Amino acid sequence: MNLWQEYKRPTSVAEAVQALAAASGPALPIAGGTDLLLDLKQGRHTPIHTLVDLTFIPEMSALELRGDDLFIGAVVPVNRIALDPLTGAHAQALVEACNLIAGPQVRNTATLGGNVAHALPAADGTIALTALNAEAEIASATGTRRIPFISLFTGPGKSSIEKNKEIIVGFYLPISNFQSLKTASCFKRIMRPQGVALPILNCAVWLAREENAIKDIRIAVGPGSSTPFRATEAENVLRGQAMSETVFAASLNSLLAQAKFRTSARRASADYRRHIVGGLFKDVLDTAWKRAE
Ligand SMILES: Cc1cc2nc3c(=O)[nH]c(=O)nc-3n(C[C@H](O)[C@H](O)[C@H](O)COP(=O)(O)OP(=O)(O)OC[C@H]3O[C@@H](n4cnc5c(N)ncnc54)[C@H](O)[C@@H]3O)c2cc1C
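Residues numbered from 1 in each chain as written. Predicted model: local features only at pLDDT ≥ 70, side-chain atom pairs only at ≥ 80, totals over all residues.

Please clarify how the overall build of the protein should be interpreted in this entry.
Scanning the protein from terminus to terminus reveals 11 helices and 14 strands. Here the C-alpha radius of gyration of the protein, 19 Å, is about what a compact globule of 293 residues would show, namely 19 Å. By residue count, 46% of the 293 residues in the protein fall in the buried class. A sequence separation of at least 24 residues applies to 65% of the contacts in the protein between residues at least 6 apart. (Helix = DSSP H or I, 4+ residues; strand = E, 2+ residues; numbered from the N terminus. Rg over C-alpha atoms; globule rule 2.2 N^0.38 Å. Buried ≥ 20, exposed ≤ 12 C-beta atoms within 10 Å, placed from the backbone. Contact = placed C-beta atoms within 7 Å.)

Dropping the structure here:
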């Protein structure tokens, strides 16, 4: 049995949105296919009539500076993000996340847009983009709009975009708000040995440092809730403070009070995640802090 009836290869964002709208049955975008094709083959997905391949759209393959932002097109493979000098200079947490996704073969194909659109609360690229305060550009038949990254998610595996009508074009990462300060970011994760899928826990921190104080900070932890989690209470504790054991302990308490860790059948219990998050958070925070020296 065919997994789909029609396969479209648009070469512009407008054509892609039009192809979704014009499909004569259920339609979905496809990028690397590393999630979607497995789901279709293994019967975990409702039948699809039309797949709209986004990988032939040049605008969605761009990775470039645009004014005060770094733009990363949604179909840029995570391997390219891990190697590109621009991401190395401006989005270290994302480089580290992309370097850890799956193995080399999947990384050559899997895209950042697919990682985000799948809407899993601990997807590695997604957690890095959460800490980097990205915005997403969404295209629909009525045009394009930019939305805060976090508003893309409504629940585990559920995004706010209508995938049969809308596509994620790419992501804008702010890079120049704090040019007079030292900024840095870091991403790490805790994984089962030999693991190549989602982690037990991951964490990304972005911070701006002014001498010995944290001027501003963003912290993301996956899976810290049913959607990608920003530890805003811990951020409030750390903002404006000098780094010390006491301040860290207070921020960890705030993170634990705000997070709603999830139990995943194959990876870890919520209790275990609560138990180990402090070590991971400290490691990521310390690394970002030292990088901003
Ligand atoms: C062996 C293996 C290991 C993995 N390891 C990891 C890991 O360590 N960490 C991790 O985070 N993930 C991991 N994954 C998950 C997966 O590879 C990534 O999430 C990948 O980035 C998905 O991208 P894709 O381009 O292949 O998405 P696809 O499979 O093409 O699409 C996934 C979903 O997103 C939609 N979609 C894709 N692009 C867009 C777009 N631009 N706009 C709107 N909707 C879109 C599709 O319709 C589909 O519903 C792993 C997967 C495999 C198979």
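Read on, since the account is not over.
Which parts of the structure should I look at to understand the sheet that holds strand E14 (residues 229-230)?
With antiparallel pairing, 4 strands are arranged side by side in an open sheet as E11-E12-E13-E14. At either margin of the open sheet sits one strand with a lone partner, and together these are strand E11 (182-190) and E14. Where helix H5 (residues 92-100) meets the sheet, its contacts fall on E11 and strand E12 (201-210), and the angle it forms with E11 comes to roughly 20 degrees. Packing of helix H8 (residues 124-131) onto the sheet brings it into contact with E11, E12, strand E13 (213-222) and E14, and relative to E12 it is tilted by some 25 degrees. (Pairing = 2+ DSSP bridges. Axes fitted to C-alpha atoms, helices over the stretch in contact; angles between N-to-C directions.)

Explain the site of the ligand to me, please; I cannot follow it from the model alone.
By nearness alone, 32 residues border the ligand, and Gly32, Gly113, Gly114, Asn115 and Ala117 come closest of all. Those elements that provide at least two residues to the shell around the ligand are strand E2 (27-30), helix H2 (36-41), helix H7 (112-117), H8 and strand E10 (167-174). At 4 residues, H7 tops the list of elements feeding residues into the shell around the ligand. Looking at the shell around the ligand residue by residue, the class counts come to 20 nonpolar, 9 polar and 3 charged. Residue-level mapping places the shell around the ligand at the junction of two domains, with at least three residues from each of domain 1 (59-174) and domain 2 (182-291). (Near = placed C-beta within 6 Å. Nonpolar A, V, L, I, M, F, W, Y, C, P; charged D, E, K, R; others polar. Domains from an automatic or database assignment.)

Any chance you could explain the domain arrangement of the protein here in plain terms?
Note on interface size: it is often stated as the accessible area lost on association of the parts. Structurally, the protein comprises domain 1 (59-174) and domain 2 (182-291). Of note, the centres of domain 1 and domain 2, computed from C-alpha atoms alone, are 20 Å apart. Contacts between the two partners involve 25 residues from domain 1, matched on the other side by 23 residues from domain 2. Listing elements by their share of the side of domain 1 that touches domain 2, those giving two or more residues are H5, H8 and strand E8 (153-155). A total of 6 residues in the side of domain 1 that touches domain 2 trace back to one element, the largest contributor, which is H8.

What exactly am I supposed to notice about the sheet that holds E10 here?
Ordered in space as E4-E5-E10-E6-E7, the 5 strands form an open sheet in which the pairing is antiparallel. Since the sheet does not close on itself, it has two edges, and those belong to strand E4 (63-66) and strand E7 (143-148), each with one partner. Each neighbouring strand pair of the sheet contributes to a mean axis angle of 25 degrees, computed without reference to strand direction. Direction of pairing for E4 relative to strand E5 (residues 69-73): antiparallel, over a ladder of 4 bridges. In the strand pairing of E5, leucine 65 is matched with leucine 70.

Which parts of the structure should I look at to understand the packing of H5 against H8?
Packed helix pairs are specified by the crossing angle of their axes together with the interaxial distance, meaning the distance between the axes. One can describe the packing of H5 onto H8 by two numbers: an axis separation of 8 Å at closest approach and a directional angle of 175 degrees. Put simply, H5 runs roughly antiparallel to H8. Residues Ala93, Leu94, Ala97, Cys98 and Leu100 of H5 pack against Asp124, Gly125, Ile127, Ala128, Leu129 and Ala131 of H8. For the contact of H5 with H8, a count of residues per class yields 9 nonpolar, 1 polar and 1 charged. (Parallel < 35°, antiparallel > 145°, perpendicular 65-115°, else oblique.)

I keep staring at unusual backbone geometry and nothing clicks. Help me out?
The bulk of non-glycine residues show a negative phi, and the bulk of peptide bonds are trans. With an omega of -10 degrees, the peptide bond running from glycine 222 to proline 223 counts as cis. By secondary structure assignment, the location of proline 223 is in the loop between E13 and E14. Unusually for a residue other than glycine, alanine 102 sits at a positive phi of about 50 degrees. Along the chain, alanine 102 falls in the loop between H5 and helix H6 (104-109). Although it is not a glycine, asparagine 133 adopts a positive phi angle of roughly 60 degrees. Using a count of 18 C-beta atoms within 10 Å as the deciding quantity, one classes asparagine 133 as partly exposed.

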